[in-house]
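# Architecture and fold: a report
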Amino acid sequence: MANSALLYFLFVSAVFHKGLNSVIQAQRNVAAAVGEQACLNCLLIQTKEVLQVTWQKILPDGERTVATDNLHFGQRVDPYFSGKVEFRDAGLQNTSILIREVTEQDEGYYRCMFNTYPDGALTATICLNVHELHEPVLHVRESNSSEEVVVSCSATGRPAPTVTITLPHQDLNFFHNTPVSVRNNNNTVTVTETAVLSRRHDNSTQVMCTVGGAYGVHKEVFKMIPEVKKSLPDEKSGANSSSRSRTSIIILSALTTCVIITAVVFLWRRHKPQNSLSHEVHMNEIPGTTDEHPQKTQESPQENVQVRLRSTPVKSEERTNKSNTSFIQETV
């Protein structure tokens, strides 16, 4: 689509090149950043009887009217561009339109056409270039070595921006990596530059990232890198000895705790059986606490014998009485 529009623009430029150079003064290329406004102007340098001025946008499939300024009916903006485009200068000899809040869709070729009498239409073509450049992002992080830091700077723009990392002190070791470019869905490009630099031991270092865009637009961002703080030998030895002392105290405390727990468990287990044995002896010595049932069982047979001995004469007397009674009965 872009190639077709370019070919069409070249054709139109070739046809109306003579008229453009002779009677119309216009800026062929106009640049505007995304979100800003763009002004397109055409000036008729020869006095003509102009009946109407027409602004058009050249599309791949034809032209579309943007706005008109008629001698009798005045200025009119097409409803499709209402709120987007307005006339800036009122006049049929010098005409200007203002495009608000430019976006990528506004980029392209625009034509101003003067309808004159009796010369007819006089035209000029203007190319609107839309560019964008976002604020750079600068990151500083620690590397594997405390003596070095990794600096990365990225920026997004259209067309692709240039990213440069610089240092005010040239005596530092500074290693650049190959920039990485990523194209986004909205036709912008994100470029990331990475570098590894050594840190200073005496003071902090300032790192700067400069981003360049189209038409001389550039932006900068700064960040400070703190210096490397070296410890004195005495401080290092003192720190090491303090660390060793703390470790020794912790180990000694743990060993003491283990010894105390072991001694308590051993004494408890040793004292428990002695308490049980002394308790049994004490119960046997207390009167009335012994078991009397075995003595009763030993005395009960003697008592049974005495009972039987006492009951034997009674039974014999009963048998004697019975025998005497039977004898008397027989005699009778």
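Residues numbered from 1 in each chain as written. Predicted model: local features only at pLDDT ≥ 70, side-chain atom pairs only at ≥ 80, totals over all residues. Heavy atoms only, no water.

### Some thoughts on the overall build of the chain
Along the backbone of the chain there are 4 helices and 18 strands. Looking at the chain residue by residue over its 332 residues, the buried ones come to 28%. Put simply, the chain shows about 22500 Å² of open surface, and 55% of that area lies on carbon and sulfur atoms. (Helix = DSSP H or I, 4+ residues; strand = E, 2+ residues; numbered from the N terminus. Buried < 20%, exposed > 50% of the residue type's maximum accessible area, 1.4 Å probe, protein only. Areas by Shrake-Rupley, 256 points an atom, 1.4 Å probe, with all protein chains shown as cover.)

### Regarding the confidence of the model for the chain
For the chain, the average pLDDT comes to 76, and 67% of its residues sit at 70 or higher. Contacts from residues 1-21, a stretch scored under 50 in pLDDT, to residues over four places away or in other chains number 17 contacts. (pLDDT = per-residue confidence, 0-100. Contact = heavy atoms within 4.5 Å.)

### Considering the side chain of Lys-57
In this fold, Lys-57 is placed in strand β4 (residues 49-59). One buried charged residue, Lys-57, remains without a salt bridge, the closest side chain of opposite sign being Asp-106 at 5.0 Å. Sequence-distant contacts of Lys-57, that is, excluding residues within four places in its chain, are made with Gly-62, Glu-63, Arg-64, Val-66, Gln-105, Asp-106, Glu-107, Tyr-109 and Tyr-110. (Lys, Arg positive; Asp, Glu negative; His and termini not counted. Salt bridge = Lys/Arg side-chain N within 4 Å of Asp/Glu carboxyl O.)

### Quick word on the sheet that holds strand β13 (residues 162-166)
If you trace the 3 strands from one edge of the open sheet to the other, you get β13-β17-β18, paired in antiparallel fashion. The open sheet terminates on both sides in strands that have one partner only, identified here as β13 and β18 (218-225). Pairs of neighbouring strands in the sheet enclose a mean axial angle of 15°, with direction left out of account. Summarising the sheet, β13 and strand β17 (residues 205-212) pair through 5 bridges and their orientation is antiparallel. Within β17, the position partnered with Ile-165 by the bridge is Cys-209. (Pairing = 2+ DSSP bridges. Axes fitted to C-alpha atoms, helices over the stretch in contact; angles between N-to-C directions.)

### Some remarks on the pattern of salt bridges
Tallied over the entire structure, the rule returns 7 salt bridges. When the shortest N-O distance is used, the salt bridge between Lys-219 and Glu-135 registers 3.4 Å. Taken together, the residues Lys-219 in strand β18 and Glu-135 in the loop between β10 (120-133) and β11 (137-142) connect sequence positions 84 residues apart.

### Let's talk about the pairing of β18
Of the strand pairs in this sheet, β17 and β18 are connected by 8 bridges, and their pairing is antiparallel. Within the sheet, the bridge partner assigned to Val-207 lies in β18 and is Lys-223. Where β17 folds back on β18, the antiparallel hairpin that results is connected by 5 residues, among which Tyr-215 adopts a positive phi of roughly 60°.

### Structural notes on the sheet that holds strand β3 (residues 38-44)
If you walk across this open sheet you meet the 4 strands as β1-β3-β8-β7, and the pairing is antiparallel. The open sheet is flanked by β1 (24-26) and β7 (85-89), the only strands paired with a single partner. Direction aside, neighbouring strands of the sheet carry axes that sit 25° apart on average. The pairing of β1 with β3 spans 3 bridges and is classified as antiparallel. Bridge pairing links Ile-24 to Leu-44 in β3.

### Quick look at the pairing of β3
Judged by which residues are buried, β3 turns out to be one-sided: Ala-38, Leu-40, Cys-42 and Leu-44 face inward and are buried, whereas Cys-39, Asn-41 and Leu-43, on the alternate face, are not. The pairing of β3 with strand β8 (residues 94-99) spans 6 bridges and is antiparallel. Directly across from Asn-41, in β8, lies its bridge partner Ser-96.

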